Protein chains: 2
Amino acid sequence: MIPIALDAMGGDKAPVETVAGAVQASAEGVEVVLVGDGTVLEPQLQALGADLEIVHAAQTIGMGDDPAAALRDKPDSSISVAARLVKEGRAGAMVSAGSTGAAMAAAAILIGRAKGVIRPTIASVIPTPGTSTLVLDSGANPEVKPEHLVQFALMGTVAAEVFFGMTNPRVGLLNIGEEKGKGRSLEKEAYELLARTSVNFIGNVEGRDLATGRADVWVTDGFVGNVLLKVTEGVAAMVLDLATESLAGTAEIKLSTVVDALAPVRRRLDYEHTGGAHLLGVNGVVVISHGSSGRTAIANALRMAHDGMERDLVGRMTSRLAGS
Amino acid sequence: MIPIALDAMGGDKAPVETVAGAVQASAEGVEVVLVGDGTVLEPQLQALGADLEIVHAAQTIGMGDDPAAALRDKPDSSISVAARLVKEGRAGAMVSAGSTGAAMAAAAILIGRAKGVIRPTIASVIPTPGTSTLVLDSGANPEVKPEHLVQFALMGTVAAEVFFGMTNPRVGLLNIGEEKGKGRSLEKEAYELLARTSVNFIGNVEGRDLATGRADVWVTDGFVGNVLLKVTEGVAAMVLDLATESLAGTAEIKLSTVVDALAPVRRRLDYEHTGGAHLLGVNGVVVISHGSSGRTAIANALRMAHDGMERDLVGRMTSRLAGS
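In this numbering scheme, every chain counts its residues from 1 along its sequence in written order. Naming scheme: in the order in which they are written, chains are lettered from A and ligands are numbered from 1. A pLDDT threshold of at least 70 governs which residues receive local features in this predicted model, and a stricter bar of 80 or more applies before side-chain atom pairs are shown or counted, although totals over entire chains, interfaces and linings include all residues. Heavy atoms throughout the structure, all of them, feed into the side-chain values; hydrogens and water do not.

**Q** Would you mind going over the sheet that holds strand S9 (residues 217-219) of chain B in detail, with residue names and values included?
**A** Residues and elements named next belong to chain B. The 11 strands lie next to each other as S3-S2-S1-S4-S11-S10-S5-S6-S9-S7-S8, forming an open sheet whose pairing is mixed. The open sheet has two edge strands, strand S3 (53-56) and strand S8 (200-205), and neither has a second partner. Strand-to-strand twist of the sheet, defined as the mean angle between neighbouring strand axes without regard to direction, takes the value 25°. Strands qualify as paired when DSSP identifies two bridges or more between them. Under the DSSP-based scheme used, a helix requires at least four consecutive residues in state H or I and a strand at least two consecutive residues in state E, with every element numbered from the N terminus. Pairing analysis gives four bridges linking strand S4 (residues 93-96) to strand S11 (residues 285-288), with the strands arranged parallel. Only the stretch in contact is used when fitting a helix axis, every axis being a line fitted to C-alpha atoms; angles between N-to-C directions are given from 0 to 180 degrees.

Below, the structure is given as structure tokens:
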């Protein structure tokens, strides 16, 4: 199988954690090529006693760089080089924990948008009980039109089929009320359009439906979706802390027992264990990881990218979009 | 002290729970007048062996009614009558668990907007660790302009001073990144305007800051604020269920011990124990409760309204808005 191009210079903990994550995924059979400054990456690999292919990239895009400008001014950045490897077919997917904006721009411009796609979208997975929930857009497009939401619904449907193995996943429109006619003009118009598509549209969903699991795919604009993700993260951390404190105050329960028992819940809700989010609607598998990703998150992101390649995410997405 | 007008017909559990909540608050010294159908309310009071004043209102606005039309077509609805009692000075505040839209319209039209206020706003309390967080707008205005966010920041500042006893509360702009320049054009423009006001603006906040407590007052549009509230509720319920399940699976811990130990956390995060949200920017104290409020929520909403009256919420809001 062709390898996955990892932007080994991207993220707050690069290159130590990116290289370690790549070595970990590689040990499990995921083929990875490291993209970045060879003089930095080579010693990291040696320290881990590992041998992975390196494709040299002399430049690095910082988190503070303007994405469009960085893409133009730093043609040899690790993000751009990784994207070109995918474009040229030398890599089957790309993973980056670097600047999300730069990764999106590199994917859209260098790899290219899939035919018919107006706006590529970031699909994030929320680890809800039972089956997970896919939220899109979760940050790529803060301001959208109703027709964009319809494409997000289509792309989310394919992604839920590919990643969760679902048939006819249920699509909900994130709104501030259950009834039709609720929300901004965006939601009112999107509701009408969604009802006429081939997706399994179940109507509006609200925040508390994260606990009820009424829909598998949630569509919204990238501002609301991003707020949703981060609030989920913040509230989960807050509630687990409150629960730990309250339980540890009970005479019958030891703190260590509580911490041990809650560890699987913490892990389940931790983005480190999700790995990243898929950028959908481009001509390649692209996984965008959290800027603070450690080795576990990077390894998981590489596994996600691997699954996307193996299950032909791009081919299935393209044919679904063409048929819509 | 003049009494609080309770829309005794509003909410899914009216009149049984509304009357019971009123009786509960009244026993604690909160003066309440029940507004609604006397033939329904009188037997409820008798069943509880209580004696509260009733102001008859022959009509009721349903959850499905169009707010503006209902306000025009049902002049004797319990919501309208309650609002008129406030307008006429016969009641010092109004509480309703009925249609939020109708309560807002009744407050804005019958009680009247405070001088200089463009849009009244709903301020909800999120029970974050340490001190609580005030979120506004949390549902009144799904689509807003930057100058509305500035007024929400001013009103939220006064509300945090009045309700939390804070001095110079920290105001954050809910956004999808910490840095200035992030977000939609709404956030970009509001950021510039907020930096020039007298409020203690600390910049952008993100979902995960609910756990860090970086700001006391969060401003955003009513769509995002409402999603935030409901996601908080959904995630809190989900995480508590996961935690309970995980802990109960531990041999050393009994399920009953877990449930008992988590009860205070559940209670803290339960809207029943918050009671309701304040509608700010009108010429009276108005508390809007959850449609599914039980007696505890109603009693708490009445206490909130009582606090608002006692602490001169409206007077302080008016003078702050006039000085801005």
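After that view, the rundown keeps rolling.
**Q** Which residues make up the pairing of strand S4 (residues 93-96) of chain A, and what are the values?
**A** All names here are of chain A. Of the two faces of S4, both are covered, the one formed by Ala93 and Val95 as well as the one formed by Met94 and Ser96. Both strand S1 (residues 4-7) and S4 contribute to a ladder of four bridges, which runs parallel. Paired with aspartate 7 across the bridge in S4 is serine 96. Relative accessible area decides the class of each residue, using a 1.4 Å probe on protein chains only: under 20% of the type maximum gives buried, over 50% gives exposed, and in between gives partly exposed.

**Q** Got a sec to walk through the sheet that holds strand S5 (residues 121-126) of chain A? Specific residues and values, please.
**A** All names here are of chain A. The 11 strands lie next to each other as S3-S2-S1-S4-S11-S10-S5-S6-S9-S7-S8, forming an open sheet whose pairing is mixed. Pairing within the sheet leaves two strands with one partner each, and these edge strands are strand S3 (53-56) and strand S8 (200-205). Sheet twist, expressed as the average angle between the axes of neighbouring strands with direction ignored, equals 25°. Pairing between strand S10 (residues 277-280) and strand S11 (residues 285-288): three bridges, direction antiparallel. When the sheet's bridge partners are listed, alanine 277 is paired in S11 with isoleucine 288. The strands that helix H6 (residues 146-164) touches are S5, strand S6 (133-136), strand S7 (170-174), strand S9 (217-219) and S10; relative to S6, the one it contacts most, it runs at about 150°. Here helix H9 (residues 222-248) sits on the sheet and contacts S5, S6, S7 and S9; the angle it forms with S5, its principal contact strand, is near 25°. Any two residues whose heavy atoms approach within 4.5 Å at even a single point are treated as in contact.

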